[in-house]
Amino acid sequence: MKRHYLLILILVAIQVAAVASNADTALVEHTSLGRIPMLEAVRNPALHGMVYQAPYSQLALGIDLQHQTQAFVPEKGSGFTLPYLKVNTFHPLNGRSTVWGEASYMTGKVHDIKWNSTSDYDLLQPYILADTLGGDIRRERYSISGGYATSINKWQLGAEMHVRAEQEYRSRDPRMRGIVTDLTLSLGGGYDLERYRIGAAVEGNIYKQTNSVAFYREEGVIPEYQMTGLGTEYSRFSGDKRSLYYDGGGVAVMLHASPINQSGPYADVTLDEHRYHRKLAEFNSMPLTDLYNEHVGATIGWKLEKIHRLAVFGHADYTRRTGNEHVGGTSDARYFPVIACLTMYKSHILDTYAGALYGRANWNVNITAGYRAVSEEYVYPHRQMDASHVYGKLRGQCFIRPADKWLLTVDVHASYYAKASDKLNMPLANMDAAFTRLIQHKHKFAIANYTDFGAKARADYALNQSRYGLFAEAGGGMTLCSASEHQTALHCSIGITF
Amino acid sequence: MLFTACAPVEDDIFTTACITVTAEGNESITSVQAQVKLTNVNTRQVTTVADFNGTSVTVELLRGAYQIDIEGVATCQSPGNSIRMRQFRCQSDYEEFISRDINEVTLKTIFLD
C-alpha cells in the first residue's frame, strides 16, 4: 500500500513539473532568473530584440514602501511611499523585427531626507546642495522608453531611447526643488559568427537638473551648503547661494559575445564615462564643480541550457569617481572668473563576485559570493573613509501551476554582508559639530554588517478564451543592520497582462 | 570617443607663496617678527605662519585666492642709519597664488606708532 502511495506521489510530482514546464509562457521567459547570463546583453538594443521569443505586455498599478528605523544614508531618507502606474510591452512584429517599450508614472513621498536638497543623489554625490534640517519630499517621475530591433541575414541592428522627467519638491521650509531631464539613446549591432553571436553597442546620455531651495519664513532661514565630499563644503558659495543647475551626460560602450545554441562560454564588457557639471545659476552660470564617473565592468561565464539550466560566472565592476573644484577669482559684476581647477575628491568602488545558476523549467537557484570595497578621499585637508565587505547571496524562484488557468511565481532571497576592513581619517578637531555628526552617522552604517532576506509571490490568472490575464503580486523584505537598526520593505501590485 | 573623454585630473594642488614686507618712505625694513594669516577666499581655510627670513616668509598653500593679514614688529633703518623697532600691519583682500612655481607678493606696511 505504501508503495502505491509513493508511486502516486511521484506521478503527481512529475505531473506538476510537466505542467509547470509547459508553462513556458512569456511571463516565465521575461521574469525567470535564468535570464541572469543575458542581463548585460539586453543593454544592447540589437540583442534585446533577440533575447525573448514570446510577446508580453503588462499594465501594473503598484506601490513600493520602505521604512528604516534610522536612515542608513541620510541623504536618501529613511524610507518612502511610492505608488506607480506602469505599462510595458515586448512584441515581435514578424520573424525578424521586434519592438518594445515602457511608460510609467510614479508619485509619492520620500521620508526624512537630511543633508541633501538635490535630486538623483546616487548620480551626483558628493556634489550636492545640502542643509541640516531636511524633511520629507514629494517625488514625481515620468518615464518612457522604446526600442526597435531587426535582423538581416547574420546581422542584428537595434535602437532604443529612454526619457526620464522627474521633479522632487518640499512644500515647507527648506523648500527644495529639483527638476530632472534625462535622455539616453542607444544604438547596437550584432553578428552571428559561426556558433557565436557577438554584439557591440554605444549609448549616449544627456542629463540636466535645475535645483533650488527657497525659504518663505525669513526667521527660519538656514545655510545651504555646496557640499564637496566627506563633510566638506565650498564655503564661499554656501549659505545664501541656493540656485544652481547640473549639466551632464556621457557615453557607454558595451561588448558582448555568447553562444547562439545557448551552451558555451560567454562574456560582456561595459565601459562608460559620465560627467556632471554643477553651476551657480545666480552668478552667470559659474562652474563650481565637475564630477567624472568612470566605470568598467566585465563578466566571463559559461552556460548550458538543455533540460536543465546551468551557468557559472565571474564578474568585476570598478567605478572611479573624480571630483574637480573650480577656484573662483575676484568678482566683477556678479561674474567670477575661474582661476584654477583642482582635483579634490576621489572615490573608488570595486565590486567583484563569482556566482552560479542552476535551474529547470519551473525553478531556478542562484548563489553568489563576492567582495565589495568603497574608498573615498578628500585630498586636502586630508579626509578618508574606506570600508569593504565580503558577501554572499542566495536567490530562489519557482513557477507553480496550481490549476489550469493559474500560474504562481514565488521568489525568495537572502544575503549577508560582513565587514572585512574599514578606515576613517578625519580632522575631527577642526570640523563643525554638525558635519562631525554627519560623518559619524555615515561611517557607522558604512562599516556595519547587513543581513537581508525577503520573499515575493505573484499569482497570474488567464481569462477565458482571451489573451488577457490578471495578476496580483506582493512581496516584502527585511534588512537587519549590525548598528542596531533595521529596514522593512513592502511591495504590492495588481494589473493585467496581454 | 570614450577613451579620449577620461577625467582631467589636476593633482598639482599645492603651490609656494613668498610674501615680502616693505616700508614706504625713506626707512627700510631689515627684519620682521610677525604673524601672517592667510585665509583662502573660497574655502575659508586659515593658514598661519610666522617664520620670517629677513623681510620674507615662505609658505606652502593650496592653490587659490587668499586674503592676507600680517601683524607684528619690524626693525627699521633710517637713512641716517638709526635703527628702531616699529609695530606694523599689512593687509591684502585678494591675492592669487595659482602658479605652480613660487608666487611672490610684496606688501607695504602700515606703521601703528
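Here is what the cut-offs are and how they apply
Residues numbered from 1 in each chain as written. Chains lettered and ligands numbered in written order. Predicted model: local features only at pLDDT ≥ 70, side-chain atom pairs only at ≥ 80, totals over all residues. Helix = DSSP H or I, 4+ residues; strand = E, 2+ residues; numbered from the N terminus. Rg over C-alpha atoms; globule rule 2.2 N^0.38 Å. Buried ≥ 20, exposed ≤ 12 C-beta atoms within 10 Å, placed from the backbone. Contact = placed C-beta atoms within 7 Å. Pairing = 2+ DSSP bridges. Core = buried A, V, L, I, M, F, W, Y, C linked by C-beta atoms within 7 Å. Nonpolar A, V, L, I, M, F, W, Y, C, P; charged D, E, K, R; others polar. pLDDT = per-residue confidence, 0-100. Expected span 1.5 Å × (residues − 1). Arc of directions from axis to C-beta.

Novice: Any details on the overall build of chain B? Residues and values, ideally.
Specialist: Broken down by element type, chain B carries zero helices and eight strands. Along chain B, helices (α) and strands (β) appear in the sequence β-β-β-β-β-β-β-β when read from the amino end. Its C-alpha atoms give chain B a radius of gyration of 18 Å, more than 25% over the compact-globule value 13 Å for 113 residues. For chain B, the spread of C-alpha atoms along the three principal axes comes to 70 × 25 × 20 Å. Burial analysis of chain B (113 residues in total) assigns 24% to the buried set. Contacts in chain B between residues at least 24 apart in sequence constitute 64% of all its contacts with a sequence separation of at least 6.

Novice: Any details on the overall build of chain A? Residues and values, ideally.
Specialist: Secondary structure assignment for chain A yields five helices and 21 strands. With the C-alpha coordinates of chain A rotated into their principal frame, the extents come out at 90 × 55 × 40 Å. Expressed as a percentage of the 498 residues in chain A, the buried residues total 31%. Relative to all contacts within chain A whose residues are 6 or more apart in sequence, the contacts with residues 24 or more apart total 66%.

Novice: Can you break down the sheet that holds strand S4 (residues 129–130) of chain A residue by residue, with the values?
Specialist: Residue and element names in this part refer to chain A. Spatially, the three strands line up as an open sheet ordered S4-S9-S10, and their pairing is antiparallel. One side of each edge strand has no neighbouring strand; the edge strands of this open sheet are S4 and strand S10 (232–233). Sheet topology places strand S9 (residues 225–229) next to S10; two bridges connect them, and they run antiparallel. Note that in S10 the partner of Met227 across the bridge is Glu233.

Novice: Could you give me a rundown of the nonpolar core, with the residues and numbers involved?
Specialist: Generally speaking, nonpolar side chains in soluble globular proteins are found buried as a group. Of all hydrophobic cores here, the largest spans 35 residues; its most connected members are B:Val21, B:Val32, B:Ala34, B:Val36, B:Tyr66, B:Ile70 and B:Ala74. Of all the elements in the fold, those that place two or more residues in this core are strand S15 (338–360) and strand S17 (383–400) of chain A together with strand S1 (14–22), strand S2 (28–40), strand S5 (64–77) and strand S6 (83–97) of chain B. Here the element with the most residues in this core is S5(B); it accounts for five residues. Every residue in contact with B:Val32, bar those within four places of it in the chain, is listed here: B:Val21, B:Phe52, B:Thr55, B:Gly72 and B:Ala74. With 27 residues, the next largest nonpolar core counts A:Ile113, A:Phe237, A:Leu288 and A:Leu291 among its residues.

Novice: Which residues make up the interface of chain A and chain B, and what values go with them?
Specialist: Contacts between the two partners involve 22 residues from chain A and, on the opposite side, 20 residues from chain B. Among the secondary structure elements, those contributing two or more residues to the side of chain A that touches chain B are strand S11 (243–259), strand S12 (264–280), strand S13 (286–305), strand S14 (309–328) and S15 of chain A. Looking at which element gives the most residues to the side of chain A that touches chain B, the answer is S15(A), with five residues. Here the residues of the side of chain A that touches chain B sort into 12 nonpolar, seven polar and three charged.

Novice: Can you lay out the sheet that holds S6(B) for me, pointing to particular residues and giving the numbers?
Specialist: Hydrogen bonds along the backbone pair up the strands of a sheet, which may run parallel or antiparallel. Residue and element names in this part refer to chain B. Taken together, five strands build an open sheet; the order of strands is S3-S2-S5-S6-S8 and the sheet is antiparallel. Two strands in the sheet have a free side with no partner beyond their single neighbour: strand S3 (46–49) and strand S8 (110–111). Alignment of S5 against S6, held across 13 bridges, turns out to be antiparallel. Looking across to S6, one finds that Gly72 is bridged to Phe88.

Novice: Lay out unusual backbone geometry in plain terms, naming residues and giving numbers.
Specialist: All names here are of chain A. Here the amide bond leading from Asp173 into Pro174 is cis, since omega sits at -10°, within 30 degrees of zero. Checked against the element boundaries, Pro174 lands in the loop between strand S6 (155–169) and strand S7 (175–193). Geometrically, the link from Tyr380 to Pro381 is a cis peptide bond, its omega value of -10° lying close to zero. The phi dihedral of Asp112 falls on the positive side, at around 55°, and the residue is not glycine. Within the fold, Asp112 resides in strand S3 (residues 97–113). Taking the C-beta count within 10 Å as the criterion, Asp112 has 17 such neighbours and is therefore assigned partly exposed. In this structure, Ser285 is a non-glycine residue whose phi angle is positive, near 55°. Relative to the elements of secondary structure, Ser285 occurs in the loop between S12 and S13.

Novice: Report on the confidence of the model for chain B, specifying residues and quantitative values.
Specialist: When the pLDDT values of chain B are averaged, the result is 90; 96% of them are 70 or greater. In the predicted assembly, ipTM is 0.89 and pTM is 0.90.

Novice: Please give an account of helix H5 (residues 433–446) of chain A that cites residues and values.
Specialist: All names here are of chain A. End to end, H5 covers 20 Å across 14 residues, agreeing with the expected 20 Å (1.5 Å per residue, within 8%). For H5, the full list of buried residues reads Leu438, Lys442 and Ala446. Along H5, the residues classed as buried sweep out an arc of 65° about the axis, all on the same side. Elements that come into contact with the buried residues of H5 comprise S17.

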